[in-house]
Amino acid sequence: MPTSGKPKSSSSHSDEAEESGVKFDHHMVYVTILAAACYVTSLHCDFVFDDASAVRDNKDLRPHVPWTQLFRNDFWGTPMAEEKSHKSYRPLTVLTFRLNYALAELAPFGYHLGNVGLHALVSAMFLAACRALLSGIVEERASAVAAYLFALHPVHTEAVAGVVGRAELLSAALFLLALRAFAARRDYSGVWLAVLYAALGTLCKEQAITVVAVCAFHELYVARRGITLGQLVAAFSTGQLPWSRRSLARCALLLGATAGLMWARIRVMGAQLPVFTRFDNPAAHSPTPTRQLTFNLLLPLNLLLLLLPWPLCADWTMGSVPLFESPLTQPHLAALVLAFYAWLLGLVWVALRSRANWPVGLGLAMLALPFLPASNLFFPVGFVIAERVLYLPSMGFCLLVGLGYDRLRHRLPESVCRLGLLLTLIAFSGKTLCRNCDWKDEYSLFTSAVRVNPNNAKLWNNVGHSLEKIEKFSEALPFFLKAASVQPDDIGAHQNVARTYATLGDKVMAEKFYRQAVALMPQPKKGQSYTARVAPANLKAYVSLATLISNDTSRYAEADQLLLTAINMRPDFIDAHQNRADLLIRMNRTEEARRHYDLALQHRPDHADILFNIGVLELRANRKREALFWFRRALQSEPRHRLALHNAASVLQDSPAGGADRQTAKQMLEQLAELEPDNAGPLFSLAMIYTDMRDLRSAELYYRRALHRDPAMRGALFNLALMYHNEMGRPLMAKETAETLLRHHPDHMKGHLLLGDIHLNHLKDVSGAAAYFYKAHQLDPTSPQALHNLCVTMVESGRLREAEQCLARAVQLGPNEDYIRNHLAIVRNRLAQGAGAASGAASGASGAASGAASGASGAASGAASGAFGAASGAASGASGAASGAASGVSGAASDASSGPASRASGGSSGVRAASDATSDV
């Protein structure tokens, strides 16, 4: 209805400015400002709890994923058809996350700013909706009170401060648009517009579909300004319904449209309900009548959170709410349920007693109907209580409070009413501001939660996870142990304890707790097939235990049996396939390993880690072209797959095709350098590519950039010094760089050889050169180059007899090195010619030896086998660090967090076994 029909009063929202005639709607402005101001402290919160799965780890936000994929996957990025999907279909909400990602990737500030802005918008829209729906009947004050309460209510903190709460905010905005459109347009266009908004709202969150029921209630009750119980009884007894054909037709159209939306939703879900464990919702897995009694108990508990939002908690699953087993043994719970139903029936009686009380009926409908899908009364949901789902129902609650305040104002002094309202709003805003601080990070969130629900093992686990993420493993362990004691049958808690013991180096305790976790699995019975569907997070106990014991080669068979058990339990458990493949590789059974990768691909054809690991197998078999094919497939699935980028670039660097492949390798390494801002390896590899291309200036730049990230990087320091010396003719820069190398790595033999060469041939410092060559010889007594160069300094010093003995030993170390034999022959020839001739010969020998030194030193440097190949080996995986060793990576990956830190299971546990060969760039 048009807002111009509202009566104006001294407290009206519209105050006319006489000079300009512009209306200043102070309530609208204040509600909007307060709604935003109350959540200013949430702007600097991190991604916490479910934000990790829905935003940080959700591939659907990445630009390389087609936007159409959002309409195939659930809220967490899992395909709707998969069993592990939560069936939360909210593509429009994910689309807004994707927009945030496009603007600032994973900077939390933008996501939180969007939520705060949406809450302010919804608060303003709620005020406008209250005014329109109550226009001409109830004073402006009731609408304003309801809007202020809604804007500041602490129970909304989870929906606003938690990024995933955007689903509630968007669906609430579209809920209000649908209700306003339906109420304002009395023809069929209003119905279609409401259905459109409802459909869009449902694509933000499923709860929005309840607006159709509220619209139907509006048509049958609110539009005719209420109906009494007596009128209803008379109508049904006479068979003459009090509604017009148009009203009934509008309701029928709403019903048909709702059926269509429900049908589409079921089709998207694949006609499957999500699978929730008894830890998510213990009452749903309880027998009759405990299940029904507990679900009825949840109704007054949710109402209490609206009436008195102290305390608040991020998670109410597991042991947070006691099961209501019997009214006889738990009379206090029975009294609470009875009191709730007495209150509810009282409100229904008030609404039906007089047509003048129809606003009460509207408030009750807006409270009850949006809450029904989350009530567990019709079908089980994945939680017991969730504060965020009260965002929509709280509108009805706030409207009822506003109506109550308006009535009290006529019975109590207005000053008393205003003081009570002011104190309530101050208390609510203060609680909201403080509650935002709890959502700052996961540690603060979950430590606040365990104070409220100490019987919830999930919360103790999550405190441990928050400490684990910052590598405070000793501090995390007591929290994991507490979780295991609070919920002894929680497999994930035992896995968390085991993993932490393993990280701390206590393998015995780690194995003990992994075996306890495995013992909690439902065991197959002899002679019967295994039919239980075990969650992948629980099956990781087998994988983690297998990884732990496979560190002992004598226990490979035992580890293999554990992985086979996991595969037999769930043939689609790809982590077990991947880790068994890695174990088989270590057992030199590569053909079997490849079969397991192929089996895993059947279940996840686009799994980047599997594709990468197949590429590694091909690379180990020296099939570089095939390896590159699989690395590129991995990058098609996950363009930022770091190991695939590294290994593909390594293969392309060595490609005989030259220019084009080298250019592609450069692009990959530049992308990798951006992805790993603290890793010097990609920059080092780029420097080597530019060296091969003879672009020495660019090579120098990238060596310098690598050293900026890692000032002690062996390969970069040595290669840069060698390039200054051999390629750029800058011996002093080579000397400075080589000295820096030796300060960080005094045992770098080739660095001593290079400095000896510089001192001998450029600085003409024979004694200095001798000291460096002597040190090189000490570091590697088997090196013919080091000893030969030391012999040359003896020739330069005129000590030919010592030089002869020295060169003889060098020949023994390098019998196939012709230049050493030649130099020995020269020295012996000069010695045979006598002292006088030797003196003259020494100069020639010295020159020859010096040249030999240069060659030898070059050979020594060149013993580095062309600087760059050896230096990269000297860097010991500086560029290859990303690849890592094949074994070990799988263990760490498979030992991923098994605890319930977020709703979705915790991401890929891929083997990511990298080829050792690729570390030689």
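Please read these numbers as outputs of a predicted model, since none were measured by experiment. (Residues numbered from 1 in each chain as written. Predicted model: local features only at pLDDT ≥ 70, side-chain atom pairs only at ≥ 80, totals over all residues. Heavy atoms only, no water.)

### Topic: the overall build of the chain
Then step 1. Across its full length, the chain holds 41 helices and 2 strands.
Then step 2. For the chain, the residues scored as buried account for 54% of the 921 residues in total.
Then step 3. Carbon and sulfur atoms make up 59% of the accessible area of the chain, which amounts to about 38,400 Å² in all. (Helix = DSSP H or I, 4+ residues; strand = E, 2+ residues; numbered from the N terminus. Buried < 20%, exposed > 50% of the residue type's maximum accessible area, 1.4 Å probe, protein only. Areas by Shrake-Rupley, 256 points an atom, 1.4 Å probe, with all protein chains shown as cover.)

### Some remarks on the layout of surface pockets
Then step 1. For the second largest pocket, the calculated volume is near 1,100 Å³.
Then step 2. Glu206, Arg265, Pro373, Phe379 and Val381 are, among the 39 residues lining the second largest pocket, the residues nearest its centre.
Then step 3. In terms of residue count, helix α11 (residues 245-269) provides more of the lining of the second largest pocket than any other element does, 5 residues in total.
Then step 4. The class makeup of the residues in the lining of the second largest pocket is 22 nonpolar, 9 polar and 8 charged. (1 Å grid on protein atoms, 1.4 Å probe; cavity = no way out; pocket = protein on both sides within 12 Å on 5 of 7 lines; lining within 4 Å. Points joined across faces, edges and corners; volume = space filled by probe spheres on them. Nonpolar A, V, L, I, M, F, W, Y, C, P; charged D, E, K, R; others polar.)

### Brief notes about a nonpolar patch on the surface
Then step 1. A surface patch of nonpolar side chains, amounting to about 430 Å² of accessible area, comprises Phe24, Val29, Tyr30, Ile33 and Leu34.
Then step 2. Sorting elements by how many residues they give to the nonpolar patch places helix α1 (residues 26-37) first, with 4 residues.
Then step 3. Relative to the elements of secondary structure, phenylalanine 24 occurs in strand β2 (residues 23-25).
Then step 4. When its relative accessible area of 43% is taken as the criterion, phenylalanine 24 is described as partly exposed. (Patch = residues over 30% accessible without salt bridge, like charges linked within 9 Å, V, L, I, M, F, W, Y side chains within 5 Å. Salt bridge = Lys/Arg side-chain N within 4 Å of Asp/Glu carboxyl O.)

### Considerations on the packing of helix α36 (residues 784-796) against helix α38 (residues 818-832)
Then step 1. For the pair α36 and α38, interaxial distance at closest approach is 11 Å and the crossing angle is 25°. Considered as vectors, α36 and α38 are oriented roughly parallel to each other. Where α36 crosses over α38, the two elements pack in a sense that is left-handed. Contacts between α36 and α38 involve Pro784, Gln785, His788 and Val795 from the former and Tyr819, Ile820, His823 and Val827 from the latter. (Axes fitted to C-alpha atoms, helices over the stretch in contact; angles between N-to-C directions. Parallel < 35°, antiparallel > 145°, perpendicular 65-115°, else oblique. Left-handed = near helix turned anticlockwise from the far one by under 90°. Contact = heavy atoms within 4.5 Å.)

### A few points about unusual backbone geometry
Then step 1. With an omega dihedral of 0°, the bond running from threonine 288 to proline 289 counts as a cis peptide bond.
Then step 2. Here the residue pair tryptophan 310 and proline 311 is connected by a cis peptide bond, since its omega of -5° sits within 30 degrees of zero.
Then step 3. Take proline 311: it is sitting in the loop between α12 (290-307) and α13 (331-353).
Then step 4. The phi dihedral of glutamate 105 is positive, around 50°, even though this residue is not glycine.
Then step 5. By the element assignment, glutamate 105 lies in the loop between α3 (91-104) and α4 (108-134).
Then step 6. For glutamate 105, a relative accessible area of 37% puts it in the partly exposed group.
Then step 7. Phi is positive for asparagine 588, which is not a glycine, with a value near 60°.
Then step 8. As for its placement among the helices and strands, asparagine 588 is situated in the loop between α24 (574-586) and α25 (590-603).

### Concerning α25
Then step 1. Look at α25: 21 Å from first C-alpha to last across 14 residues, which is about the 20 Å you get at 1.5 Å a residue.
Then step 2. Every buried residue of α25 is listed here: Ala593, His596, Tyr597, Ala600 and Leu601. Across the axial projection of α25, the buried residues extend over an arc of 145°, all falling on one side. Of the exposed residues in α25, those oriented more than 90 degrees away from the buried face are Glu591 and Gln602. (Expected span 1.5 Å × (residues − 1). Arc of directions from axis to C-beta.)

### Looking at the environment of tryptophan 76
Then step 1. As for its position among the elements, tryptophan 76 is in the loop between α2 (51-56) and α3.
Then step 2. A C-alpha to C-alpha distance of 8.7 Å links tryptophan 76 and valine 94, two positions 18 residues apart in sequence.

### Some points on the packing of helix α16 (residues 414-438) against helix α17 (residues 442-452)
Helices that pack against each other are described as a pair by the angle of their axes relative to one another and the distance between those axes.
Then step 1. Relative to each other, α16 and α17 sit at 115°, their axes nearing to 7 Å. Packed against α16, whose contacting residues are Arg435, Cys437 and Asp438, the element α17 presents Ser444, Leu445 and Ser448 at the interface.
Then step 2. Residue composition of the contact of α16 with α17, grouped by class: 2 nonpolar, 2 polar and 2 charged.

### A word on the side chain of histidine 823
Then step 1. You can see histidine 823 is positioned in helix α38.
Then step 2. You can call histidine 823 buried: its relative accessible area is 12%.

### Remarks on the UniProt feature "repeat: TPR" (unreviewed entry) in the chain
Then step 1. Sequence positions flagged by UniProt for "repeat: TPR" (unreviewed entry) are, in local numbering, residues 457-490, 574-607, 608-641, 680-713 and 784-817.
Then step 2. A helix fraction of 79% and a strand fraction of 0% characterise residues 457-490, whose end C-alpha atoms lie 8 Å from each other.
Then step 3. For residues 574-607, the end-to-end C-alpha separation is 10 Å, with 79% helix and 0% strand making up the annotated structure. (UniProt positions renumbered as here; feature names shortened; annotations may be inferred.)

### A closer look at the UniProt feature "transmembrane region" (unreviewed entry) in the chain
Then step 1. The positions UniProt marks with the feature "transmembrane region" (unreviewed entry) are residues 28-49, 293-312, 332-352 and 364-385.
Then step 2. Helix makes up 45% of residues 28-49 and strand 0%. Its end C-alpha atoms lie 33 Å apart.
Then step 3. As a span, residues 293-312 carries 75% helix and 0% strand, and end to end its C-alpha atoms are 23 Å apart.

### Notes on the pattern of salt bridges
Then step 1. Scanning the entire structure with this criterion turns up 41 salt bridges.
Then step 2. Put simply, Arg141, Asp406, Arg409, Glu414 and Arg418 are held in one network by salt bridges that share partners.

### Structural notes on the packing of aromatic side chains
Then step 1. What the rule picks out here adds up to 18 aromatic pairs.
Then step 2. Between the aromatic rings of phenylalanine 47 and tyrosine 111, the centroid separation amounts to 5.2 Å while the plane-to-plane angle is 75°, which identifies the pairing as edge-to-face. Note that phenylalanine 47 is positioned in the loop between α1 and α2 and tyrosine 111 in helix α4, a separation of 64 residues in sequence. Exposure class is identical for phenylalanine 47 and tyrosine 111. Each is buried.
Then step 3. Ring geometry for phenylalanine 612 against phenylalanine 631: centres 5.4 Å apart, planes inclined by 35°, an arrangement best described as tilted. (Phe/Tyr/Trp six-rings, centres within 6.5 Å; stacked < 30°, edge-to-face > 60°.)

### A look at the state of the cysteines
Then step 1. Within this structure, the stated rule accounts for 1 disulfide.
Then step 2. Cysteine 791 shares a disulfide with cysteine 806; S-S distance 1.9 Å. Residues cysteine 791 and cysteine 806 are joined by a disulfide whose S-S torsion is about -80°; by sign, that bridge is left-handed. Here cysteine 791 is found in helix α36, whereas its partner cysteine 806 is found in helix α37 (residues 800-813), with 15 residues between them in sequence. (Disulfide = S-S within 2.5 Å.)

### A look at the environment of tyrosine 690
Then step 1. One can find tyrosine 690 in helix α30 (residues 681-692).
Then step 2. Tyrosine 690 gets classed as buried once you look at its relative accessible area, which sits at 9%.
Then step 3. Excluding anything up to four places from it in sequence, tyrosine 690 contacts Lys666, Glu670, Asp695, Ser698, Ala699 and Tyr702.

### Let's talk about the nonpolar core
Then step 1. One finds Phe126, Met366 and Met395 to be the most contacted residues of the largest nonpolar core, which totals 153 residues.
Then step 2. There are two domains that each give this core at least three residues, and those are domain 1 (26-434) and domain 2 (456-520).
Then step 3. Discounting chain neighbours no more than four positions away, the residues touching methionine 366 are Phe126, Phe175, Leu179, Val214, Leu392, Pro393, Met395, Gly396 and Leu399.
Then step 4. Of all hydrophobic cores here, the second largest spans 65 residues; its members include Leu584, Met668, Leu669 and Ala687. (Core = buried A, V, L, I, M, F, W, Y, C linked by side-chain atoms within 4.5 Å. Domains from an automatic or database assignment.)

### Let's talk about helix α23 (residues 556-569)
One full turn of an α-helix is made of 3.6 residues, so residues set three or four places apart face in the same direction.
Then step 1. With 14 residues, α23 ought to run about 20 Å at 1.5 Å a step, and its terminal C-alpha atoms sit 20 Å apart, in line with that.
Then step 2. When we look at burial in α23, the residues that qualify are Tyr556, Ala559, Asp560, Leu562, Leu563, Ala566, Ile567 and Met569.
Then step 3. Tucked into the core, α23 has its buried residues touching α22 (536-549), α24 and α25.

### Some details on the confidence of the model for the chain
Then step 1. When pLDDT is averaged along the chain, the result is 85, and 86% of the positions lie at 70 or above.
Then step 2. Helix α40 (residues 868-874) is the least confidently modelled element of the chain, averaging 26 in pLDDT, while helix α6 (residues 157-161) averages 97, the highest of any element.
Then step 3. Residue range residues 1-22 is modelled with pLDDT below 50. Its contacts to residues more than four positions away, or to other chains, number 30 contacts.
Then step 4. Overall, residues 835-921 carries pLDDT values under 50, and its contacts beyond four positions in sequence, including any with other chains, amount to 207 contacts. (pLDDT = per-residue confidence, 0-100.)

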